[in-house]
Amino acid sequence: MGTRIAEHPILGVPQKGRLVSFTYDGKTLQGYEGEPVAMALKAAGVMVHRYTAKRHEPRGIFCAIGRCTDCVMVVDGVPNVRTCMTPLAEGMEVRTQYGATAVPFDAGEKDEASAKDGGAA
Amino acid sequence: MKRYDLIVVGAGPAGMSAAIEAAKHGVHVVVFDENARPGGQLFKQIHKFFGSKEHRAKIRGFVIGQELLDEAAKLGVTVELDSTVIGLYQDKEVVVKQGEQVNHYKGDAIVVATGAAENMVTFEGWTLPGVIGAGAAQTMMNLHGVRPGNRVLMLGTGNVGLVVSYQLKQAGCDVVALVDAAPHVGGYGVHAAKVARTGVPFYLSHTIKRAEGTDHVTGVTIAQVDSHFQFVPGTEKHFDVDTICVAVGLSPMSQLFKMDGCKVVDDRRKGGQVPVVDDLGQTSIPGIFAAGDVSGIEEASSAMIEGRIAGLAAASYLGFATDDEERAGVDANERALDGLRQGMFAPKNRGKKVEKTEEGIPVSQTLLERGYVADSEIERFPGVTHRVGIHPVIECTQNIPCNPCQDVCPKHCIKVGSHITALPQLEPDANCIGCGLCVASCPGQAIFLVDEKSEPGFAEVTLPYEFLPLPQKGDRGQALGRDGKPVCEAEVVGVKRTKAFDHTAIVTVKVPEDMSMRARFFKAAPATETD
């Protein structure tokens, strides 16, 4: 899917920060420090950022400028983080958000955490 | 509570221009912006701007953005980033969320330049990951160097849809189609033509029926719509795509005006809810001004001028500029703004179908319906003439306010005249030296150099080229017509890049003599093709 542009005819070679490691649902991925978390995920081919609370529908990047909140995930344990606006840092733990938690729906039905209906509808 | 003479909301082209103009008069200014970087959308605009010198025509948007930031820094303008203005009250109190804190500020004058938000249309599957706004595509590829997808369908043929489609091609994406429910291309014909000639098909009077896929987009079905925008049964077409890009207009983000009690009206021509303003951008509350897209959707070029006017008016309101200074500055800026608001795409013509150019020439119907001027139509435009030896062929067929072609030619071969929307013409005694400056400078990429008989049986066509890999001298491939379909074999006989061309290469191809007026793009043979 989304891959990095090695060289652009107008913009040249993209200027990026240092390459750092982070985890996505426990898997180690790499991205550039300071770029939005959503861009590192996009470059790694991740499309689904979260599943909605009621219908369990997938959502991903939509506006990429912090307006729509479709791309929110659980970052370092904090839910509803707009990944398109959050700069990537070394060692970040990024998790798919189910409703308002990082607990998958079927596993979480017995879990207390998922009893709360999240803000991300 | 911290006080400032002037608080500007939004560090985009309008807000930064307002801050700069006010700071020039000694006003103590702060600009708040919710983003981590200033400049608004300018840094995503990688095409050359239209207009004339005073509008910074032929300069790319991101370069203009950097110039604005540099100028503001020199003047000591404070720009507070990651600062979301969440409240604006009648006594000019501004409430700003900064990090986890909410801070209160007081301004003696306020300029609101919050810009616009993208509109959306809904269709089956529109919430699937892979359906994105055109702005999101620009953010990914032009700011962060990440391709939005491999195969993309674009919905919307306004300037945003056209320009972003071209940019997607520049980023190396395959654009499979441009689709619009309207019967006619909404944006500049030249923007459409530069996409069409690369081979992207246009589907007007079509819209998306459904996005397909379970966890993300894997395909899309479009269908034709009738004059009441109802689907015509049996006209469905499927495309395998991983990305659907939506560019269906913008709406002013005018919520702050409602909060502070300014008079707001619904104005369809301006894109939605806008504050009522006078010719200085002042709202119904003295000392509160609006500038840029928030007061009516236009281009970044006009937003910058509106910003300068509002900044100057605020300086005058605060007593930092005399009435005479204000009048003189405003008059000059209003003339510049008036220049941009002329022609077929002027705000006053929005939604109207213009049938003839100002010169009385029938507008190309093929351009409106399929995105390119047909071979049978092109010869009726004044920039398209036949000469002996190399000469520019100017395929500029709609009246838009733009004249870099006239300014850049060192031999003064091209004439637009003092009326900036006039279609450019070649001077009768033009002495073209083939330098290519007009080809590279035309923001619409509508100028070609043609030598109709460079050697017996052959012609040479020089065209603008902004893609990678850049063709090399000696490469062989196909020449494509204006419609993006192959017309003949072609050989690259020259490639030129100079600093003055600003990243637009000019590529000269040798084609059979009878193709000089048809060959308008070069596609390398598959052996050297990468996409």
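Residue numbers run consecutively from 1 along every chain, following the written order of its sequence. Think of it this way: whatever chain is written first is A, whatever ligand is written first is 1, and the rest follow in order. Selection of residues for local features in this predicted model requires a pLDDT of at least 70, selection of side-chain atom pairs for listing and counting requires 80 or more, and totals for whole chains, interfaces and linings are taken over all residues. The side-chain figures draw on all heavy atoms in the structure; neither hydrogens nor water molecules are used.

### Considering the overall build of chain B
Argument step 1. Helix and strand definitions here come from DSSP, where helices need a minimum of 4 consecutive H or I residues and strands a minimum of 2 consecutive E residues; each element is numbered from the N-terminal end. Along the backbone of chain B there are twelve helices and 28 strands.
Argument step 2. Over its C-alpha atoms chain B spans a radius of gyration of 24 Å, differing by no more than 12% from the 24 Å that the globule rule assigns to 531 residues.
Argument step 3. A principal-axis box enclosing the C-alpha atoms of chain B has dimensions of 80 × 60 × 40 Å.
Argument step 4. Burial classification: accessible surface area is computed with a 1.4 Å probe over protein chains only, and a residue below 20% of its type maximum counts as buried, one above 50% as exposed, and the rest as partly exposed. In chain B, which comprises 531 residues, the share counted as buried stands at 58%.
Argument step 5. Per-residue and other accessible areas were derived by the Shrake-Rupley procedure at a 1.4 Å probe size, with only the shown protein chains allowed to occlude residues. Put simply, chain B shows about 20900 Å² of open surface, and 50% of that area lies on carbon and sulfur atoms. Note on method: radius of gyration uses C-alpha positions; expected globular size equals 2.2 Å times residues raised to 0.38.

### A look at the packing of helix α4 (residues 159-170) of chain B against helix α5 (residues 189-196) of chain B
Residues and elements named next belong to chain B.
Argument step 1. Here an axis means a line fitted to C-alpha atoms, over the contact stretch when the element is a helix, while the angle between two N-to-C directions is reported on a 0 to 180 degree scale. Interaxial distance between α4 and α5 falls to 9 Å at its minimum, and their mutual angle equals 30°. As summarised for this structure, α4 and α5 are arranged roughly parallel, according to the angle between their axes. As α4 runs across α5, the sense of the crossing is left-handed. Side by side, α4 and α5 meet where N159, L162, V163, S165 and Y166 of the first sit next to H191, A192, K194 and V195 of the second.
Argument step 2. Gly counts as polar in this scheme, as do all residues outside two lists: the nonpolar Ala, Val, Leu, Ile, Met, Phe, Trp, Tyr, Cys and Pro, and the charged Asp, Glu, Lys and Arg. Classifying every residue of the contact of α4 with α5 gives five nonpolar, three polar and one charged. Angle categories are assigned with fixed cut-offs, so that under 35 degrees is roughly parallel, over 145 is roughly antiparallel, 65 to 115 is roughly perpendicular, and the rest are oblique. What makes a crossing left-handed is the near helix being turned counterclockwise from the far one by less than a right angle; a clockwise turn instead makes it right-handed. Contacts were defined at the residue level, with two residues in contact if any of their heavy atoms lie within 4.5 Å.

### Side note on the packing of helix α3 (residues 134-143) of chain B against α4 of chain B
Residue and element names in this part refer to chain B.
Argument step 1. Relative to each other, α3 and α4 sit at 30°, their axes nearing to 10 Å. One finds that α3 runs roughly parallel with respect to α4. Handedness of the α3/α4 crossing: left-handed. For the pair α3 and α4, contact is made by A134, A137, Q138, M141 and N142 and by V160, V164, Q167 and L168, respectively.
Argument step 2. Here the residues of the contact of α3 with α4 are counted per class, giving six nonpolar, three polar and no charged.

### What about the domain arrangement of chain B?
Accessible area lost when the parts come together is the quantity often used to give the size of an interface.
Residue and element names in this part refer to chain B.
Argument step 1. For chain B, the assigned domains read domain 1 (2-117 + 250-340), domain 2 (120-246) and domain 3 (374-528).
Argument step 2. Where each domain starts and ends comes from a domain assignment, either automatic or drawn from a database. Here the C-alpha centre of domain 2 lies 32 Å away from the C-alpha centre of domain 1.
Argument step 3. Contacts between the two partners involve eight residues from domain 1, matched on the other side by eleven residues from domain 2.
Argument step 4. Throughout, buried area stands for the accessible area (probe radius 1.4 Å) lost by two parts on being put together, summed over both. At the boundary of domain 1 with domain 2, total buried surface from both sides reaches about 880 Å², with 61% on carbon and sulfur atoms.
Argument step 5. Looking at the side of domain 1 facing domain 2, the largest losses of area belong to K44, I46 and F50, adding up to 58% of the total buried there.
Argument step 6. Salt bridge, as used here, is a side-chain nitrogen of Lys or Arg placed within 4 Å of a carboxyl oxygen of Asp or Glu. One can count zero salt bridges joining domain 1 with domain 2.
Argument step 7. Residues belonging to the side of domain 1 that touches domain 2 are distributed by class as follows: three nonpolar, two polar and three charged.

### Examining unusual backbone geometry
Argument step 1. Residues L468 of chain B and P469 of chain B are joined by a peptide bond in cis, for which omega reads -5°.
Argument step 2. Along the chain, P469 of chain B falls in the loop between β24 (458-465) and β25 (476-480).
Argument step 3. Positive phi, close to 60°, is recorded for H56 of chain A, a residue that is not glycine.
Argument step 4. Structurally, H56 of chain A is set in the loop between β3 (50-51) and β4 (58-59).
Argument step 5. The exposure class of H56 of chain A is partly exposed, given its relative accessible area of 35%.
Argument step 6. The phi torsion at F229 of chain B lies on the positive side, around 60°, for a residue other than glycine.
Argument step 7. In this fold, F229 of chain B is placed in the loop between β13 (219-224) and β14 (237-239).

### Details of α4 of chain B
Owing to its 3.6 residues per turn, the α-helix aligns residues three or four sequence positions apart on the same side.
Residues and elements named next belong to chain B.
Argument step 1. Expected span of a helix, by definition, is 1.5 Å for each gap between consecutive residues, and there is one gap fewer than residues. The terminal C-alpha atoms of α4 lie 16 Å apart, and with twelve residues this matches the ideal 16 Å at 1.5 Å per residue to within 8%.
Argument step 2. Counting buried positions along α4 gives eleven out of twelve residues, so the element sits mostly inside the fold.
Argument step 3. When α4 is considered as a whole, its buried residues turn out to be N159, G161, L162, V163, V164, S165, Y166, Q167, L168, K169 and Q170.
Argument step 4. Against the buried residues of α4 lie α3, β9 (151-155), β10 (174-180), α5 and β11 (202-204).

### A word on the side chain of S301 of chain B
Argument step 1. Tracing the backbone shows S301 of chain B in helix α7 (residues 300-317).
Argument step 2. Here S301 of chain B is in contact with F49, F50 and L340 of chain B, once residues within four sequence places are set aside.

### Things to note about the interface of chain A and chain B
Argument step 1. Contact residues are listed per partner, giving 30 residues for chain A and 40 residues for chain B.
Argument step 2. Counting the contacts that link chain A with chain B gives one salt bridge.
Argument step 3. In this structure, the salt-bridge partner of R67 of chain A is E34 of chain B, at a minimum N-O distance of 2.4 Å.
Argument step 4. Definition of a polar contact: a pair of N or O atoms within 3.5 Å, with one able to donate and the other able to accept a hydrogen when the atoms are protein atoms, and with sequence-neighbouring residues admitted only if both atoms are side-chain atoms. Counting across the chain A and chain B interface gives eight residue pairs in polar contact (both at pLDDT 80 or more).
Argument step 5. At the level of elements, α1 (37-43) and β4 of chain A are the ones that each hand at least two residues to the side of chain A that touches chain B.
Argument step 6. Counting residues per element, the side of chain A that touches chain B draws most heavily on α1 of chain A, which supplies three residues.
Argument step 7. When grouped by side-chain class, the residues that make up the side of chain A that touches chain B number 19 nonpolar, four polar and seven charged.

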